[in-house]
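Architecture at a glance
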Amino acid sequence: MADVLLREVRDGVVLLTLNRPDQRNAVNQELRTALAEAMHDFAVDPELRVAVITGAGDRSFCAGADLKEMAANKTQQPPRDYFAEFGPDDFLEKPVITAVNGTAYAGGFRMAQFGDLCLASSSARFAISEAKWSRGAPWAAPLTRMLPRRILAELLLTAQPISAERAYQVGLVNEVLEPDQLIPRAWELARTIADNAPLSLAAFKWLMRVGGEAGVAATGAVAKEIFRHVYDSEDAIEGPLAFREGRKPKWRNR
C-alpha cells in the first residue's frame, strides 16, 4: 500500500502531501495519525522552518474526514483528535502554507485555513459542506472574525462550494495560480519565509493569535512581552550585523 502521507524536505522547508487521491485525500485513521505525527515532528525539529501542505492529484486537496469510515464506525460526536490536531488548540509557532490543488471541503476547508498563508490552484473549490450530511463544524468559529457575516452565512447554510477566485476576493486565499505553478510558488514562498528570523516569526504568529482574540489595546500591551525575548536574543544582534556587513544572517534561534 502506498504511503498515505508523502514527505519531502528542502532547505528547511517540509512539503507534506496527502496521498489518497482515489478517495479525494479524505482523512481516515491512517492518514490522521501520519499527519499528526508529521506536524509534531515539524514543530520540534529546529532544522525545519516552514511546512507546506498539499494534496496528491489534481482533483482534490482534501475532502475532509472519510465519511465511509465514519459510517462504518457509526461516529457521532468525534473525539478531539479525530481529524488530526496539529498542535495545542491547533496552534504552531512555525509558519504553515497550504497549497490547495483541488476541492477543499468540510475538514479540507478547515485544513486549508489552518495555513498562515493559503495558495490555491485556479481549479480549487472551497466548501463547508457539513450541513449536507448532518455533521458539525465547531472549527469554523475563527471564521466569525475572518469573514463578513453574509459570506459566512452563505458558506455555512448553503453548504455549496465557492471558486478559488471568490475565495481570494473574500480573503480566504492569498494567491490564485495556474495548476502547474502552485507547488513551485509554494516552495518559493516557503523559502522566502524560512530565510527570516525564526524568533520573530514565532512572535508574529503569537501576535496574530492574540490579535484575533483581543482588542487592539490589549494586543498592543501583550505584544511588548511577546517580542521581549526577540529583542534580547543573539539573533537581534546578528540581524543588524549581517546588514552592516552585507551578508545573509546566520540565525541561531536564540
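Up top is the structure these notes are about.
Residues numbered from 1 in each chain as written. Predicted model: local features only at pLDDT ≥ 70, side-chain atom pairs only at ≥ 80, totals over all residues. Heavy atoms only, no water.

Once that is clear, we can look at the sheet that holds strand S8 (residues 125-127). Read across the sheet, 4 strands follow the order S4-S6-S8-S9 without closing on themselves; strand pairing throughout is mixed. The open sheet has two free edges, formed respectively by strand S4 (60-62) and strand S9 (162-163), since each of these has just one partner strand. As judged from the 2 bridges shared by S8 and S9, these two strands associate in the antiparallel manner. Looking across to S9, one finds that Phe126 is bridged to Ile162. Where helix H3 (residues 107-114) meets the sheet, it contacts S4, strand S6 (103-105) and S8, and its direction lies at approximately 105° from that of S6. (Pairing = 2+ DSSP bridges. Helix = DSSP H or I, 4+ residues; strand = E, 2+ residues; numbered from the N terminus. Contact = heavy atoms within 4.5 Å. Axes fitted to C-alpha atoms, helices over the stretch in contact; angles between N-to-C directions.)

Scanning the entire structure with this criterion turns up 12 salt bridges. The closest approach of N and O atoms between Arg228 and Glu225, which form a salt bridge, is 2.7 Å. Taking the relative accessible area as the measure of exposure, Arg228 reaches 44% and is therefore partly exposed. The residue Arg247 makes a salt bridge to Glu238 at a minimum N-O spacing of 2.6 Å. The class for Arg247 is partly exposed, based on a relative accessible area of 29%. Residue Glu238 is classed as buried on the basis of its relative accessible area, which comes to 13%. Because the salt bridges share partners, they merge into one network encompassing Glu175, Arg185 and Glu188. (Salt bridge = Lys/Arg side-chain N within 4 Å of Asp/Glu carboxyl O. Buried < 20%, exposed > 50% of the residue type's maximum accessible area, 1.4 Å probe, protein only.)

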